[in-house]
Amino acid sequence: QVQLAESGGGSVQAGGSLRLSCATSGYTGITDCLHWFRQVPGKEREGVAAWIDTNGSTSYADFVKGRFTISKDNAKNILYLQMHSLKHEDTAMYYCAANLTPDGYSAGSCLIITDTGYWGQGNQVTVSS
């Protein structure tokens, strides 16, 4: 079974950086959509960044382009979200998620997928203004 566990969140001043980690297990590493989304109480979830495991293609939400980078350490099966130039509006609960998707599934589609098959418990990021 696929299991996901986020870590690395915390509090930071605006303009600072954090790196979130997502330890993964039970996933094949092929034809998989791996992604980060975030959610604020009372608001809908927002796709943040996506990764297609077969080719390493990525997609980012407009509001994080140029500031966040998604990557994966295949040897350790860890998905990362490196966040720079953090803003107060980035404050949210961040989740990593995985979907077992067909060959050819795009990172853009992975970014906005709503039928998330697996996700972790979340990790809070708080940015002080």
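Residues numbered from 1 in each chain as written. Predicted model: local features only at pLDDT ≥ 70, side-chain atom pairs only at ≥ 80, totals over all residues. Heavy atoms only, no water.

## Focus on the state of the cysteines
Heads up, the rule is: By convention in this document, the label disulfide applies to cysteine sulfur atom pairs within 2.5 Å. Only runs of H or I of at least four residues qualify as helices and only runs of E of at least two qualify as strands under DSSP, and these elements are numbered from the N terminus.
Per the counting criterion, the structure on display carries 2 disulfides. Residue pairing for Cys33: its cysteine sulfur links by disulfide to Cys110, the two sulfurs lying 1.8 Å apart. Here the disulfide of Cys33 and Cys110 is right-handed, its torsion about the S-S bond being about 90°. Note that Cys33 is positioned in strand E4 (residues 32–39) and Cys110 in helix H1 (residues 107–112), a separation of 77 residues in sequence. The connectivity of the disulfide-linked cysteines in the chain, indexed sequentially, is 1-3, 2-4.

## Observations regarding the pattern of salt bridges
Selection criterion: The term salt bridge refers to a side-chain nitrogen of Lys or Arg lying within 4 Å of a carboxyl oxygen of Asp or Glu. Accessibility here uses a 1.4 Å probe with only protein chains present; expressed as a share of the type maximum, an area under 20% marks a residue as buried, one over 50% as exposed, and anything in between as partly exposed.
In the structure shown here, the tally under the stated rule is 5 salt bridges. Note that Asp90 and Arg38 form a salt bridge whose closest N and O atoms lie 3.0 Å from each other. Of the two residues, Asp90 sits in the loop between strand E8 (78–83) and strand E9 (92–100) while Arg38 sits in strand E4, which places them 52 residues apart along the sequence. The burial state of Asp90 is the same as that of Arg38; both residues are buried. Asp53 serves as the salt-bridge partner of Lys72, at 3.6 Å between the closest nitrogen and oxygen. Residue Lys72 is found in strand E7 (residues 68–73), and its partner Asp53 is found in the loop between strand E5 (46–52) and strand E6 (58–60); the two are separated by 19 residues along the sequence. Per residue, the accessibility class of Lys72 equals that of Asp53, and both read buried. Each of Arg38, Glu46, Arg67 and Asp90 takes part in one network of salt bridges that share partners.

Any functional reading would require information beyond the geometric quantities listed.
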